[in-house]
Amino acid sequence: MKMITAIIKPFKLDEVREALSEIGVSGITATEVKGFGRQKGHTELYRGAEYTVDFLPKVKLEIAISSDQIDSVIKVISTSAKSDGEGKIGDGKIFVSNLEQVVRIRTGETGAVAL
């Protein structure tokens with residue numbers, strides 16, 4: 001089992017969710033977060049005063065999947081989260097980690113059947 005954590009642009013959330021649903025991913029947790037990487041933020045003008053926005057709004061997706069789905073899920077997220085189909089700085093990142101145990105609270109099922 002694997003845990004995929006993806007940081008994407010907020011306006012790409014629906015597109016990524018729909019693409020994941022098409023390949024059979026049934027559960028996603030989405031959290032609104034703020035952060036920066038190479039994008040480094042930007043400068044904005046508010047009431048005539050210029051200020052720097054260091055942390056940009058992003059969406060963090062957490063997806064628990066079976067190990068055999070890993071390649072297809074990464075490909076789908078990469079493709080659907082990419083800006084304008086070609087990619088731009090700030091499109092996001094995908095992190096993959098091992099998931100040791102999953103327990104469905106309602107039934108007590110464990111392991112891959114709990115996904």
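From a predicted model like this one, the values you see are computed outputs, not experimental measurements.

What about the environment of G37?
Of note, G37 is situated in the loop between β2 (29–35) and β3 (42–46). Under the relative-accessibility criterion, G37 is labelled partly exposed at 38%. Along the backbone, G37 and K2 are 35 residues apart, and their C-alpha atoms lie at a distance of 24 Å.

Considering the nonpolar core
In terms of nonpolar packing, the biggest core is built from 16 residues, with L20, I63 and I77 touching the most fellow members. Mapped by element, the contributors of at least two residues to this core are β1 (2–8), α1 (13–22), β5 (56–65) and α2 (70–81). At five residues, α2 tops the list of elements feeding residues into this core. Setting aside its immediate chain neighbours within four residues, L20 contacts V25, I28, I63, V73, V76 and I77.

Considerations on the sheet that holds β2
Strand order across the open sheet formed by four strands is β2-β5-β1-β6, with antiparallel pairing between neighbours. On the outer flanks of this sheet lie β2 and β6 (92–98), each paired with one strand and no other. The sheet shows a mean angle of 20° between the axes of neighbouring strands, taken without regard to direction. Pairing of β1 with β5, which is carried by seven bridges, proceeds in the antiparallel orientation.

Some remarks on the confidence of the model for the chain
Of the residues in the chain, 92% have a pLDDT of 70 or more, and the chain-wide mean is 90. Averaged pLDDT values for the elements of the chain fall to 67 in β3 and rise to 97 in β1.

Describing α1
What α1 keeps buried is the set V16, A19 and L20. Each buried residue of α1 lies within a common arc of 100° when the element is viewed along its axis, so the set occupies one face. Looking at the residues trailing α1, positive phi occurs at G24, about 95°.

Description of the side chain of K9
Mapped onto the fold, K9 is located in the loop between β1 and α1. Setting aside residues up to four positions removed in sequence, K9 forms contacts with K58, S83, I89, G90 and D91.

Digging into the pattern of salt bridges
A full pass over the atoms with the stated rule returns six salt bridges. For E18, the salt bridge is made with R17, and the minimal N-O distance between the two is 3.9 Å. Among the residues examined, E18 registers a relative accessible area of 44% and is labelled partly exposed. We classify R17 as partly exposed; its relative accessible area is 40%.

Some points on the side chain of D91
With respect to the secondary-structure elements, D91 resides in the loop between α2 and β6. A distance of 2.4 Å separates the side chain of D91 from the side chain of S83, its partner in a polar contact. At a separation of 2.8 Å, a polar atom in the side chain of D91 contacts the main-chain amide nitrogen of K88. Once residues lying within four places of it in the same chain are set aside, the contact partners of D91 are I7, I8, K9, A81, K82 and S83.

What counts, and at which threshold
- Residues numbered from 1 in each chain as written.
- Predicted model: local features only at pLDDT ≥ 70, side-chain atom pairs only at ≥ 80, totals over all residues.
- Heavy atoms only, no water.
- Helix = DSSP H or I, 4+ residues; strand = E, 2+ residues; numbered from the N terminus.
- Buried < 20%, exposed > 50% of the residue type's maximum accessible area, 1.4 Å probe, protein only.
- Core = buried A, V, L, I, M, F, W, Y, C linked by side-chain atoms within 4.5 Å.
- Contact = heavy atoms within 4.5 Å.
- Pairing = 2+ DSSP bridges.
- Axes fitted to C-alpha atoms, helices over the stretch in contact; angles between N-to-C directions.
- pLDDT = per-residue confidence, 0-100.
- Arc of directions from axis to C-beta.
- Salt bridge = Lys/Arg side-chain N within 4 Å of Asp/Glu carboxyl O.
- Polar contact = N/O pair within 3.5 Å; in protein donor to acceptor, adjacent residues only side chain to side chain.

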